[in-house]
Amino acid sequence: MVSASVPRLVVAAPSSGSGKTTVATGLMAAFAARGLAVSPHKVGPDYIDPGYHALATGRVGRNLDAYLCGPELVGPLFLHGARGCDIAVVEGVMGLYDGAAGEGELASTAHVAKLLGAPVVLVVDASSQSRSVAALVHGFASWDPEVRVGGVILNKVASDRHEELLREALEQAGVPVLGVLRRAAQVATPSRHLGLVPVAERQEAAVEAVAAMAAQVLDGCDLEALEALARAAGAVPGGSAPWTPASPTHHPTRPDEADQQRAPVVAVAGGAAFTFSYAEHTELLAAAGAEVVTFDPLRDEELPEGTAGLVIGGGFPEVYAAELSANQPLRKAVAELAASGAPVAAECAGLLYLCRELDGLPMCGVLDASARMTERLTLGYRDAVAVDDSVLAAAGTRMRGHEFHRTVVEPGSGAQPAWGVRNPRPRLEGFVQRGVHASYLHTHWASEPGVARRFVERCRTS
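Residues numbered from 1 in each chain as written. Predicted model: local features only at pLDDT ≥ 70, side-chain atom pairs only at ≥ 80, totals over all residues. Heavy atoms only, no water.

This brings us to the overall build of the protein. Helix and strand counts for the protein come out as 13 helices and 22 strands. Scaling as 2.2 N^0.38, a compact globule of 462 residues should have a C-alpha radius of gyration of about 23 Å, and the protein matches this with 23 Å. With respect to the three principal axes, the spread of C-alpha positions in the protein is 70 × 50 × 40 Å. Relative to its full complement of 462 residues, the protein shows a buried share of 57%. Contacts in the protein between residues far apart in sequence, at least 24 positions, make up 76% of those at least 6 positions apart. For the protein, the accessible surface area stands at approximately 18500 Å², while carbon and sulfur atoms represent 50% of it. (Helix = DSSP H or I, 4+ residues; strand = E, 2+ residues; numbered from the N terminus. Rg over C-alpha atoms; globule rule 2.2 N^0.38 Å. Buried < 20%, exposed > 50% of the residue type's maximum accessible area, 1.4 Å probe, protein only. Contact = heavy atoms within 4.5 Å. Areas by Shrake-Rupley, 256 points an atom, 1.4 Å probe, with all protein chains shown as cover.)

Dropping the structure here:
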């Protein structure tokens with residue numbers, strides 16, 4: 001049982017690009033180096049930063065998204081991830097008060113900090129200011145009295161004299177300086193069209209980057225003061241109990257049901273091309289009775305033995321299109337599994353992989369659709385309703401999702417959509433075809449646990 005008063009910090013910033021990831025990841029690694037069990041978390045739908053968090057802590061990085069899961073699940077999901085930990089570090093998203101478009105504070109870092117009752121450490125890029133930093137910090141600290149800004153970490157500080165000027169100014173703001181990171185010591189982390197390059201694609205270099213972040217934090221931050229701030233957080237508001245993937249209606253299997261309840265194998269795509277997934281999805285599948293087996297479409301020429309269902313999440317298939325296309329045996333196996341009517345759930349990258357082609361290269365051909373890269377970024381939260389019954393949801397099921405891609409899919413004739421998306425404009429999206437549910441929408445199954453149970457049951461009966 002996890003304590004509801006687990007020590008915790010939220011690392012936030014006035015805007016993107018201020019250094020949140022460097023500080024949060026370095027802080028996680030620095031605390032871990034001190035022998036603390038650190039629980040890593042990320043606000044919002046980001047899949048990439050949690051991979052660096054996992055390297056820093058040795059634990060699965062988890063997301064806290066008040067839009068996808070609802071505010072009521074933020075505390076329980078946090079406590080679930082923090083089981084057995086001494087301290088938790090939560091990396092924010094965008095600017096402290098930036099939330100879902102048109103939804104006020106919903107899903108912002110400030111919103112999550114309030115839901116967790118956690119103090120905020122504000123990371124400020126001080127490279128082009130001195131005394132003005134006090135006005136900036138004062139504004140962020142006083143904007144919402146329910147948000148407690150417990151300290152500031154100054155990033156990209158040029159010199160001892162620059163640091164002196166910044167500290168003098170911040171004395172008037174009444175917010176303590178908990179760290180100073182020098183401009184010359186910045187850690188380079190390569191990016192491309194959807195953010196940082198995932199850990200799975202640069203394992204050795206990523207380990208070195210995390211070590212450099214930890215060294216920078218150890219050298220420039222007051223870890224004792226940061227840990228003391230975390231320990232003063234108190235209990236998570238609302239009397240939250242940890243989330244569990246187990247169904248509240250689960251009953252022990254009767255002996256005469258043993259054959260029916262035998263665990264079906266659910267193959268989950270992984271490897272460098274498919275790195276976008278939420279840890280809770282595999283936990284929900286296992287709790288629903290599945291044997292979850294991970295495979296790598298870049299390397300494995302066969303699906304796991306006995307595969308009864310297939311889950312293909314997000315990632316970067318456009319980067320690995322040639323390698324995915326060259327693996328003809330696996331593409332054939334996926335097509336044959338789908339043709340048999342077995343359940344297949346695909347999100348974003350998985351959708352592209354199931355298409356007839358991607359950027360002119362043959363893919364699995366499960367869907368009569370062609371995919372290609374574009375210059376246009378599609379990004380944002382979505383409200384959706386299931387258009388028809390599928391292996392994931394009954395018609396009329398409402399879920400929230402997130403889109404983040406630079407590709408388009410051009411369907412052939414007669415395609416049955418998966419979702420009716422209501423924002424930013426009404427449209428139909430995705431594919432439902434026999435046992436296949438494929439869509440651009442990334443969803444978080446913890447918000448609707450029946451999704452995993454329905455999928456596993458279809459694996460048993462298909």
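Once the structure has been displayed, the description carries forward.
Below, the discussion takes up the environment of C355. Along the chain, C355 turns up in the loop between α12 (349-354) and β14 (357-358). Among the residues examined, C355 registers a relative accessible area of 0% and is labelled buried. Taking the C-alpha atoms as reference, C355 lies 5.2 Å from A369; in sequence the two are 14 residues apart. Sequence-distant contacts of C355, that is, excluding residues within four places in its chain, are made with M363, C364, G365, L367, A369, A371 and V409.

Attention now goes to the layout of surface pockets. Its volume calculated, the second largest pocket comes out at about 750 Å³. If you go around the second largest pocket, you meet 39 residues; those closest to its centre are F274, T275, F276, S277 and Y278. Secondary-structure elements contributing two or more residues to the lining of the second largest pocket are α2 (49-57), β3 (62-64), β10 (265-269), α9 (279-287), β12 (307-312) and β13 (344-347). Taken together, the residues of the lining of the second largest pocket sort by class into 22 nonpolar, 14 polar and three charged. (1 Å grid on protein atoms, 1.4 Å probe; cavity = no way out; pocket = protein on both sides within 12 Å on 5 of 7 lines; lining within 4 Å. Points joined across faces, edges and corners; volume = space filled by probe spheres on them. Nonpolar A, V, L, I, M, F, W, Y, C, P; charged D, E, K, R; others polar.)

This paragraph deals with the sheet that holds strand β21 (residues 436-439). Reading across from one edge, β11-β10-β12-β13-β21-β20 is the order of the six strands in this open sheet, with mixed pairing throughout. Each edge of the sheet is formed by a strand with only one pairing partner; in this case those strands are β11 (291-295) and β20 (431-433). Taking each pair of neighbouring strands and ignoring which way they run, the sheet shows an average axis angle of 15°. The pairing of β13 with β21 spans four bridges and is parallel. (Pairing = 2+ DSSP bridges. Axes fitted to C-alpha atoms, helices over the stretch in contact; angles between N-to-C directions.)

The nonpolar side chains of a soluble globular protein tend to be buried, and buried together. Counting 113 residues, the largest nonpolar core has F31, F78, L154, L226, L285 and F455 as its most contacted members. Beyond its immediate stretch of four places on either side in the chain, F455 contacts V266, L285, G309, L310, V311, P343, V344, A345, V391 and L392. A269, A321, V436 and Y440 belong to the second largest nonpolar core, which has 39 residues in total. (Core = buried A, V, L, I, M, F, W, Y, C linked by side-chain atoms within 4.5 Å.)

This paragraph deals with helix α3 (residues 71-81). Among the 11 residues that make up α3, nine are buried, leaving the element largely enclosed by the rest of the structure. Looking only at α3, the buried set comprises L73, V74, G75, P76, L77, F78, L79, H80 and G81. Its buried side turned inward, α3 meets β1 (8-12), β2 (38-43), β3, β4 (87-91), α4 (109-116) and α9.

What follows concerns the pairing of strand β16 (residues 369-386). Across two bridges, the pairing between β14 and β16 is parallel. Note that in β16 the partner of L358 across the bridge is A371. Summarising the sheet, β16 and strand β17 (residues 398-411) pair through 13 bridges and their orientation is antiparallel. Across the sheet, Y381 pairs through a bridge with H402, a residue of β17. By the bridge criterion, three bridges tie β16 to strand β18 (residues 419-421) in an arrangement that is antiparallel. From the neighbouring strand, A386 faces β18, where its bridge partner is W419.

Under the counting rule described, the total for this entry stands at seven aromatic pairs. Geometrically, the ring pair formed by F274 and Y353 is edge-to-face, given 5.6 Å between the ring centres and 65° between the ring planes. Residue F274 is found in the loop between β10 and α9, and its partner Y353 is found in helix α12; the two are separated by 79 residues along the sequence. By the burial criterion, F274 is buried, and Y353 matches it. Taken together through their ring pairs, the aromatic side chains of Y47, F276, Y278 and F316 make up a single cluster. For R400, the ring lying beneath its charged end belongs to Y67, and the centroid distance is 4.0 Å. (Phe/Tyr/Trp six-rings, centres within 6.5 Å; stacked < 30°, edge-to-face > 60°. Lys NZ or Arg CZ within 6 Å of the ring centre and 35° of its normal.)

Bringing the environment of R83 into the picture now. You can see R83 is positioned in the loop between α3 and β4. For R83, a relative accessible area of 33% translates into the label partly exposed. C-alpha of R83 to C-alpha of A225: the two residues are 142 residues apart in sequence and 24 Å apart in space.

Applying the stated rule across the entire model yields two cavities of 30 Å³ or more. What the second largest cavity holds in volume is close to 50 Å³. Every residue along the wall of the second largest cavity is listed here: A346, E347, L392, M399, W419, H437, S439, L441, T443 and W445. Taken together, the elements giving at least two residues each to the lining of the second largest cavity come down to β13 and β21. Here the residues of the lining of the second largest cavity are counted per class, giving six nonpolar, three polar and one charged.

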